[in-house]
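Next come the chains, spelled out residue by residue.
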Amino acid sequence: MPAGGGARWFVVPHGTDQRLLVEWLVQHALPAYVPGALTRARSTLVRDPAFATDAEARLVETIAKDQRAHERRQTELQQQLTALRAVADPLRDGLLFGTGRPLENAVHDVLVAAGAAVTRLDDVYGTKSADLLSEYSGRRVLVEVKSANQRPPHSLPDKLLKHLNTWPGLTGTKSVDGGVLVVNHQIKLPPAQRDAEVYTDRVFADALTVPVIGSARLFDWWRHEDWDAVRHAVFGDTGVPAGLWR
């Protein structure tokens, strides 16, 4: 009962630990609303700070300072996590569930994070070229980005091959060393249920003349900051002799 004699009601969730509830009542509710109750009962659960020893008071203050420092640190860490998620969320969503420009943007950002210089070719040539031109350590490759709701059709690599063949005829182009196809496949399935490889037909996959990378695999390399794996997949052995499309 509060000092005014009126009842005070508290609503707690069903199933609340009764021990924790009693501790809260004793340590917080009674001192706040009926400050004399525990003193009159001579309870050791709540002590009047006015009668604390100097050693007790110093330790109480130390505990309070540690608590404040902990709360500040928690706030700082939460702010850092929020900032990281603001960057990661669109890229994660793009690589795992994206199609069209969002997927292309996510692939672009991974390549840049891996240290490559990337040009958005759609802004220059429209649909006449691949989506991206990526450059690293003297190598230049075209990057075509595609998506498929289910297993991707075998015709997707042909789109990259067509761009490689028409590239020299576009105005202002420089020679490239090959190309890479990035595919976000089986989008309608949860990522964990998708095939690890874009093409599971080994005969077809072994006959490919251009590298085909799943965007989910690109995401794994990105989230683990495995930039060597990204660079090797994109700028390593493309499966086509360098200079073929010059």
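Given the structure is predicted, the values throughout are model-derived calculations rather than measurements.

Note: predicted coordinates in regions of low pLDDT should not be interpreted at a detailed level. In this model, the chain carries a mean pLDDT of 87, and residues with pLDDT of at least 70 account for 88%. Of all the helices and strands in the chain, helix α2 (residues 37–40) carries the lowest mean pLDDT, 66, while strand β4 (residues 179–184) carries the highest, 97. Confidence drops under pLDDT 50 across residues 238–246; counting only partners more than four residues distant or on other chains, this segment forms 26 contacts.

Turning next to a nonpolar patch on the surface. Taken together, Phe10, Val12, Trp24, Leu25 and Tyr33 make up a surface patch of nonpolar side chains, about 420 Å² in accessible area. Mapped onto the fold, Tyr33 is located in helix α1 (residues 18–33). Note on Tyr33: relative accessible area 34%, which makes it partly exposed.

Another point: the nonpolar core. Residues Leu95, Val107, Leu111, Val143 and Leu218 are the most contacted members of the largest nonpolar core, which totals 28 residues. Residue assignment for this core shows that the elements contributing at least two residues are α3 (54–97), α4 (100–113), β3 (139–147), β4, α8 (215–223) and α9 (227–235). Dropping the residues within four chain positions of it, Leu218 is found in contact with Leu95, Val107, Val110, Val182 and Val230. In this structure, Leu160, Val198, Tyr199 and Phe204 belong to the second largest nonpolar core, which totals 18 residues.

Residues of α8 that are buried include every one of Ser215, Leu218, Phe219, Trp221 and Trp222, and no others. In an axial view of α8, the angular spread of the buried residues amounts to 165 degrees, which keeps them on one side of the axis. On its buried face, α8 is in contact with α3, α4, β4, β5 (212–214) and α9. Glu225 sits one or two residues past α8 and shows a positive phi near 55 degrees.

This part is about the sheet that holds strand β1 (residues 117–120). The strand order β1-β2-β3-β4-β5 describes an open sheet built from five strands, whose pairing is mixed. Where the open sheet ends on each side, the last strands, each with one partner, are β1 and β5. Pairs of neighbouring strands in the sheet enclose a mean axial angle of 25 degrees, with direction left out of account. In this structure, β1 lies alongside strand β2 (residues 132–136), joined through four bridges in antiparallel fashion.

Inspection of every chain in the model, using the stated rule, returns four aromatic pairs. Each ring, one from Tyr125 and one from Trp167, has its centre 5.9 Å from the other, and the planes form 80 degrees; the classification is edge-to-face. Taken together, the residues Tyr125 in helix α5 (residues 122–125) and Trp167 in the loop between α6 (156–166) and β4 connect sequence positions 42 residues apart. We classify Tyr125 as buried; its relative accessible area is 18%. Of the residues examined, Trp167 reaches a relative accessible area of 3% and is grouped as buried. Ring geometry for Phe219 versus Trp222: centroids 6.0 Å apart, planes at 35 degrees, classification tilted. Taken together, the residues span about one helical turn, with Phe219 and Trp222 both in helix α8 at a distance of three residues.

The axis of α1 is deflected most strongly, by about 40 degrees, at Leu25. Turning to α1, its buried residues number three or more, namely Leu21, Val26 and Ala29. One side-chain oxygen at the N-terminal end of α1 lies 2.8 Å from the backbone nitrogen of Arg19; it belongs to Asp17.

One non-glycine residue, Gln186, lies in the positive phi region at around 55 degrees. Mapped onto the secondary structure, Gln186 falls in the loop between β4 and α7 (202–207). Take Gln186: its relative accessible area is 4%, and that puts it in the buried class. For Glu225, which is not glycine, the phi dihedral falls at a positive 55 degrees. By relative accessible area, which is 57% here, Glu225 ends up exposed.

This brings us to the packing of α4 against α8. Two elements in contact, α4 and α8, have axes whose closest approach is 11 Å; the angle formed by their N-to-C orientations is 35 degrees. Crossing handedness for the pair α4 and α8: left-handed. Contacts between α4 and α8 involve Leu103, Val107, Val110 and Ala113 from the first element and Ser215, Leu218 and Trp222 from the second. Here the residues of the contact of α4 with α8 are counted per class, giving six nonpolar, one polar and no charged.

What counts, and at which threshold
Residues numbered from 1 in each chain as written. Predicted model: local features only at pLDDT ≥ 70, side-chain atom pairs only at ≥ 80, totals over all residues. Heavy atoms only, no water. pLDDT = per-residue confidence, 0-100. Helix = DSSP H or I, 4+ residues; strand = E, 2+ residues; numbered from the N terminus. Contact = heavy atoms within 4.5 Å. Patch = residues over 30% accessible without salt bridge, like charges linked within 9 Å, V, L, I, M, F, W, Y side chains within 5 Å. Areas by Shrake-Rupley, 256 points an atom, 1.4 Å probe, with all protein chains shown as cover. Salt bridge = Lys/Arg side-chain N within 4 Å of Asp/Glu carboxyl O. Buried < 20%, exposed > 50% of the residue type's maximum accessible area, 1.4 Å probe, protein only. Core = buried A, V, L, I, M, F, W, Y, C linked by side-chain atoms within 4.5 Å. Arc of directions from axis to C-beta. Pairing = 2+ DSSP bridges. Axes fitted to C-alpha atoms, helices over the stretch in contact; angles between N-to-C directions. Phe/Tyr/Trp six-rings, centres within 6.5 Å; stacked < 30°, edge-to-face > 60°. Bend = angle between axes of the 7 residues up to and from the residue. Polar contact = N/O pair within 3.5 Å; in protein donor to acceptor, adjacent residues only side chain to side chain. Left-handed = near helix turned anticlockwise from the far one by under 90°. Nonpolar A, V, L, I, M, F, W, Y, C, P; charged D, E, K, R; others polar.

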